[in-house]
Amino acid sequence: MAVNLQDLNTASTESFVQLLAGTYEHSPWIAERAAAKRPFHSLAGLKQALAEVVRSASKEEQLGLIRAHPELAGKAMQSQTLTAESTDEQSRAGLTHCTAEEFARIHALNKAYNERFGWPFILAVRGPRGLGLSKAEIIATFARRLDSHPEQELAECLRQIHRIAEIRLNDKFGQAPVLGNLLLDWAEELAVHSEPEFRAQGQLTVTYLSEAHQTVARRLQWWMQQDCGFDEVRIDAVGNVLGIYHGHEKEPRRLLTGSHFDTVRNAGKYDGRLGVLVAMACVRELHKAGRRLPFGIEVIAFAEEESQRYQASFLAASALTGHFDPAWLDALDAEGLPMRSAMQTASLPANIEAIQALQRRAEDYLGFVEVHIEQGPVLNELDLPLGVVTSINGSRRYLGEIIGQASHAGTTPMNRRRDAAAAAAELILRVEQAAAQIPDAVGTVGMLKVPAGSINVVPGRCEFSLDLRATSNPARDALDAQVRAGLAEICERRGLHFTLTPTMVADAAPSDPTWQARWERAVATLGLPLLRLPSGAGHDAMQLHRLMPQAMLFVRGANGGISHNPLESVTNDDAQLATEAMQTLLEQLAQEF
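Residues numbered from 1 in each chain as written. Predicted model: local features only at pLDDT ≥ 70, side-chain atom pairs only at ≥ 80, totals over all residues. Heavy atoms only, no water.

For the pairing of strand E6 (residues 386-392), give the residues involved together with the corresponding values.
Two faces belong to every sheet, and in a regular strand the side chains alternate between them. By the criterion of burial, E6 is predominantly enclosed, with six of the seven residues buried. Here E6 pairs with strand E16 (residues 550-555) via three bridges, running antiparallel. Bridged to Val388 within E16 is Leu553. By the bridge criterion, three bridges tie E6 to strand E15 (residues 532-535) in an arrangement that is parallel. The residue of E15 that forms the bridge with Val389 is Leu533. As paired strands, E6 and strand E14 (residues 509-510) are joined by two bridges and run antiparallel to one another. (Buried < 20%, exposed > 50% of the residue type's maximum accessible area, 1.4 Å probe, protein only. Helix = DSSP H or I, 4+ residues; strand = E, 2+ residues; numbered from the N terminus. Pairing = 2+ DSSP bridges.)

The following block contains the structure:
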């Protein structure tokens, strides 16, 4: 018989613990402490309360929880002394039917892991989709995490335990993240399409107007038309996939939402695409229910955001705001093909008049909302599935060079050197220090090169990049001024000179307070704690901010929140919550009318 929240909320502490038995392996103290946090208004809220108990426990208690778990394909499994829950999970992952070679490999990994960390390796083997990871995926994850720092690995083990508990609670409650599963299935299907040289290596790469890109666009178009029930679907003059779901005419304006579907090279499956799929799922559910809202919904899958093929920032979104640069049509890719020719090959008009006609009028829209994977570690580290974005950071980027004097490494005294690389190293530390003094600012020297460097030569030149970001333009500019002043001081003191060439300036895009509040109410309605955080990455919402009010919702990424990487991942439960938050926002907006 399935557990329900009403029974949990009214049960004695002893009964509460019994109802949740097996959720956390041999650790009833977690449920016992969580009982004091009642009443719970949602399953998501219960999961969060249990995770918070573990977060606030002592390190000894956390280690005890980890050590209560059996090794994967270990002695307990072979002797059939696992709990019923662990037996089911290891069986779903095929660990009960390993070959002799697989057993030997996993045994060696278990031994090495225990010797390094002193506790068993923990992995939610049912995986992000809940169906079970393959043995190859488990072994690869095992090997990768052997290189983790102990504190990082301790935290990751606890996060994996929470995922195990989440899946077990779903089973206890008889609930399945149906829409979350749909989103992950859609994402998997899109990820099949990759550019040939990357597909051959098992990598996902979809750059602007490549064959893979066009195939993904057509697939999104088909889903919108055949599965989701959009009233109008088309691919526009820059390759955006557009779907419109009409309202019932009380409000002529539409809500604009979506994200991008292109990728970086060797990408993950969810950056950008998650936001498109969440919006599509919401329209699909409205259509299935035969419902119309007092306003229309326009979902746009932006064709380009990553600037991987052509150096044209936010090419697709810029067309909507009237900021598409006509010179971009003559930009060349790495093969020397102009954008104009790529557009013509993709059967797009390839003329500036057609692109300029895509510009939207602010008075036709209520605003723009975007759901996006966080692409960072904050939500992951706090065990929170969702976060509300307060601002998209403004940024300044430079390419620079420090010029000194190349000289013999053995014969040039230390006090007579004009070492360009040493100055660059000092600059890196200065960037770190300056960014740390400004709340939520970040500074990065991501590229560093000594041209024609040699092991026995004092570097005479050093090329570098600068990426400076902050939540507001004044904060960004203050960081920029500090770093440039620091670079000038370092070079003057060391007898060097430098060049610094700006390559990009992007203004900050603070979230519209009214729309941010709508996201906050949606998260609270799900029974989740509210976390506000800035976005350090750029998003299509930055461009739409120039035309209409905007606000974003972040979704937790697994594997430390990594993105732009094949390890990028979200769970079906988090995808479900993101969709429910979007549905709640739509319902609240409908009530406002």
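Provide a residue-level description of the packing of helix H11 (residues 178-191) against helix H14 (residues 273-288), including the pertinent values.
Packing of H11 against H14 brings their axes to within 10 Å, and their N-to-C directions diverge by 130°. Between H11 and H14, the angle falls in the class oblique. At the point where H11 passes H14, the crossing takes the right-handed sense. Contacts between H11 and H14 involve Leu179, Leu182, Leu183, Trp186, Ala187, Leu190 and Ala191 from the first element and Arg273, Leu274, Leu277, Val278, Met280, Ala281, Arg284 and Glu285 from the second. When the residues that make up the contact of H11 with H14 are grouped by side-chain class, the tally is twelve nonpolar, no polar and three charged. (Axes fitted to C-alpha atoms, helices over the stretch in contact; angles between N-to-C directions. Parallel < 35°, antiparallel > 145°, perpendicular 65-115°, else oblique. Left-handed = near helix turned anticlockwise from the far one by under 90°. Contact = heavy atoms within 4.5 Å. Nonpolar A, V, L, I, M, F, W, Y, C, P; charged D, E, K, R; others polar.)

A description of the side chain of Lys47 should follow, citing residues and the corresponding values.
Examined against the element boundaries, Lys47 turns out to sit in helix H4 (residues 43-55). What Lys47 contacts, discounting residues up to four positions off in sequence, is Glu166, Leu169, Asn170 and Asp573.

Which residues make up the packing of aromatic side chains, and what values go with them?
Here the structure, examined in full by the defined rule, presents ten aromatic pairs. A ring pair is formed by Phe302 and Phe368, whose centres lie 6.4 Å apart and whose planes are at 65°; its orientation type is edge-to-face. One end of the pair, Phe302, is in strand E4 (residues 296-302); the other, Phe368, is in strand E5 (residues 365-373), with 66 residues separating them in the sequence. In this structure, Phe302 and Phe368 share a single accessibility class: buried. An aromatic cluster of at least three residues, connected via ring pairs, comprises Tyr113, Phe117, Trp119, Phe121 and Phe142. We note Arg518 situated over the ring of Trp515; from NZ or CZ to the ring centre the distance is 4.2 Å. (Phe/Tyr/Trp six-rings, centres within 6.5 Å; stacked < 30°, edge-to-face > 60°. Lys NZ or Arg CZ within 6 Å of the ring centre and 35° of its normal.)

Quick rundown of the environment of Met552? Include the residues and the values.
Its location among the elements puts Met552 in strand E16. Judged by its relative accessible area of 0%, Met552 is buried. If sequence neighbours within four positions are ignored, Met552 has contacts with Glu370, His372, Gly387, Val388, Val389, Ile392, Ser511, Trp519, His539 and Ala541.

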